[in-house]
Amino acid sequence: MLLFHASAVELASVLIAVTVAITVHEFAHAWRADRAGDPTPRAAGRLTLNPIAHFDPIGSLLFLLVGFGWAKPVPVNPANFRHPRRDGMWVGLWGPLSNFLLAAAAGVLIRVVGHAGTSGLHTLLQIFTLLNLNLGVFNLIPLPPLDGSHILSGMLDSRQAYAYEMWGRRYGFIALLAFLYVGFRYVFAFVVLPLYRLLTGF
C-alpha cells in the first residue's frame, strides 16, 4: 500500500501493523537467541517489545511507501549457542513464525467479528493479517540476508553451508533485488493471497 494513496484509516492501520509486526519479529529472534545461550541480544537491549529498540528509520519509511522495508537486525553471536547450527536455524525461523502466529490471530478475529465490526476495525485486521503474512513468507525465502538463508544454511552440511555463505556474501543482495523485481509478485499471488483467504475467509 502506497502512503500517498492511503486513507486516514488505512494509514493508521498500516502504521499499527508495521510497528507490531516488526517489533514482534525482531523480539522473537532475540528471545530465541537468548534461550539458546547467546546474551548478545539482551546486552544490546533487543530483548524487549519496545518498538523503538527495533526501529530503523529508512526501513520503516519504505514499509509505508512501497510495502517493503526492514527493522534494525538483532545482533547475535552464534559462537555462544549451545548447538550453533541447530540454534542458528531456530533463531532464523522464529521471526517469520511470530508473524504467522500474529496473522493467524488476526484472521480468527476477522472470522469472529464478521460483518458486525466497524469498517475501521476490519481494515486494521485485514491489513494486519496481510502484512504479517507478507513479512513471514518473504523472510523464509532462502536468499541472504533474509531469515530463510540462515534456515537453509543450518540444513546443509558444513562444506555446503560454507559455499552457500560465500555465495551469499558475493551475490546474495543482487539475487534478492532480482527476486523482488521479478519473483515476489508470484509468491504473493500463489502463496500469500491463498493463505490470507484461508485465514480470513475473504
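The structure contained in this document is the topic of the report that follows. (Residues numbered from 1 in each chain as written. Predicted model: local features only at pLDDT ≥ 70, side-chain atom pairs only at ≥ 80, totals over all residues. Heavy atoms only, no water.)

**Quick word on the overall build of the chain**
So, point 1. The helix and strand tally for the chain stands at nine helices and zero strands.
So, point 2. The secondary structure elements of the chain, listed N-terminal to C-terminal, are α-α-α-α-α-α-α-α-α.
So, point 3. Here the C-alpha atoms of the chain give a radius of gyration of 17 Å, agreeing with the 17 Å that 2.2 N^0.38 yields for 202 residues.
So, point 4. When the backbone C-alpha atoms are referred to their principal axes, the chain occupies close to 55 × 35 × 30 Å.
So, point 5. Taking contacts inside the chain between residues at least 6 apart in sequence as the whole, the part at least 24 apart equals 69%.
So, point 6. With 14 positive and 9 negative side-chain charges, the chain shows a spacing of 4 Å between the two charge centroids. (Helix = DSSP H or I, 4+ residues; strand = E, 2+ residues; numbered from the N terminus. Rg over C-alpha atoms; globule rule 2.2 N^0.38 Å. Contact = heavy atoms within 4.5 Å. Lys, Arg positive; Asp, Glu negative; His and termini not counted. Charge placed at Lys NZ, Arg CZ, Asp CG, Glu CD.)

**Focus on the nonpolar core**
So, point 1. Core analysis: the biggest nonpolar cluster contains 15 residues, and Ala 17, Val 18, Ile 22, Phe 63, Phe 128, Leu 131 and Leu 135 have the highest contact counts within it.
So, point 2. Of all the secondary-structure elements, those providing two or more residues to this core are helix H1 (8-35), helix H5 (84-113) and helix H6 (119-140).
So, point 3. Beyond its immediate stretch of four places on either side in the chain, Ala 17 contacts Ile 127, Phe 128 and Leu 131. (Core = buried A, V, L, I, M, F, W, Y, C linked by side-chain atoms within 4.5 Å. Buried < 20%, exposed > 50% of the residue type's maximum accessible area, 1.4 Å probe, protein only.)

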